[in-house]
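Here is what each chain is made of, one letter per residue.
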Amino acid sequence: MTHDTLKEIFYCLTGALVVFSGLEFLWPDLVLAYININWVLILWLASGIVIVMTKPSN
């Protein structure tokens, strides 16, 4: 995967976390009934680590 693709995945997961957290704040158990937010958070963290450890191509 290219560095730009990894950044887009990171941005998408960031948006998902914001939306899921907002929905969970407004309507408790709405998101958690279907999606485990912990897995999204783990993927978000892993993609961030991979982005930091890889060098962008010129």
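Everything here concerns the structure above.
Residues numbered from 1 in each chain as written. Predicted model: local features only at pLDDT ≥ 70, side-chain atom pairs only at ≥ 80, totals over all residues. Heavy atoms only, no water.

Undergrad: Can you tell me about a nonpolar patch on the surface, naming the residues and giving the values?
TA: Residues Phe25, Leu26, Trp27 and Leu30 make up a contiguous nonpolar surface patch of about 500 Å² in total accessible area. Take leucine 26: it is sitting in helix α1 (residues 3–26). (Patch = residues over 30% accessible without salt bridge, like charges linked within 9 Å, V, L, I, M, F, W, Y side chains within 5 Å. Areas by Shrake-Rupley, 256 points an atom, 1.4 Å probe, with all protein chains shown as cover. Salt bridge = Lys/Arg side-chain N within 4 Å of Asp/Glu carboxyl O. Helix = DSSP H or I, 4+ residues; strand = E, 2+ residues; numbered from the N terminus.)

Undergrad: Describe the nonpolar core, and please don't skip the residues or the numbers.
TA: Listed in full, the six residues of the largest apolar core are Leu13, Leu17, Phe20, Val31, Ile37 and Val40. Those elements that place two or more of their residues in this core are α1 and α2 (37–53). Per-element accounting of this core gives the leading share, three residues, to α1. Ignoring anything within four residues of it in the chain, the contact list for isoleucine 37 reads Leu17, Phe20, Val31 and Leu32. (Core = buried A, V, L, I, M, F, W, Y, C linked by side-chain atoms within 4.5 Å. Buried < 20%, exposed > 50% of the residue type's maximum accessible area, 1.4 Å probe, protein only. Contact = heavy atoms within 4.5 Å.)

Undergrad: Explain unusual backbone geometry to me, and be specific about the residues and the numbers.
TA: Backbone geometry at aspartate 29 places phi at a positive 65°, although glycine is not the residue there. Tracing the backbone through its elements, the reader meets aspartate 29 in the loop between α1 and α2.

Undergrad: I'd like to hear about α1, residue by residue, with values.
TA: Compared with the 34 Å implied by 1.5 Å per residue over 24 residues, the 35 Å span of α1 between its first and last C-alpha is a close match. Restricting attention to buried positions, one finds in α1 the residues His3, Leu6, Leu13, Leu17, Phe20 and Glu24. (Expected span 1.5 Å × (residues − 1).)

Undergrad: Tell me about the packing of aromatic side chains, and please be specific about residues and values.
TA: Enumeration over the complete set of coordinates arrives at two aromatic pairs. The interplanar angle of 15° and the centroid separation of 5.5 Å between the aromatic rings of phenylalanine 10 and tryptophan 44 together place this pair among those described as stacked. Taken as a pair, phenylalanine 10 in helix α1 and tryptophan 44 in helix α2 lie far apart in primary sequence, 34 residues in all. Members of the aromatic cluster, each reached through a chain of ring pairs, are Phe10, Tyr11 and Trp44. (Phe/Tyr/Trp six-rings, centres within 6.5 Å; stacked < 30°, edge-to-face > 60°.)

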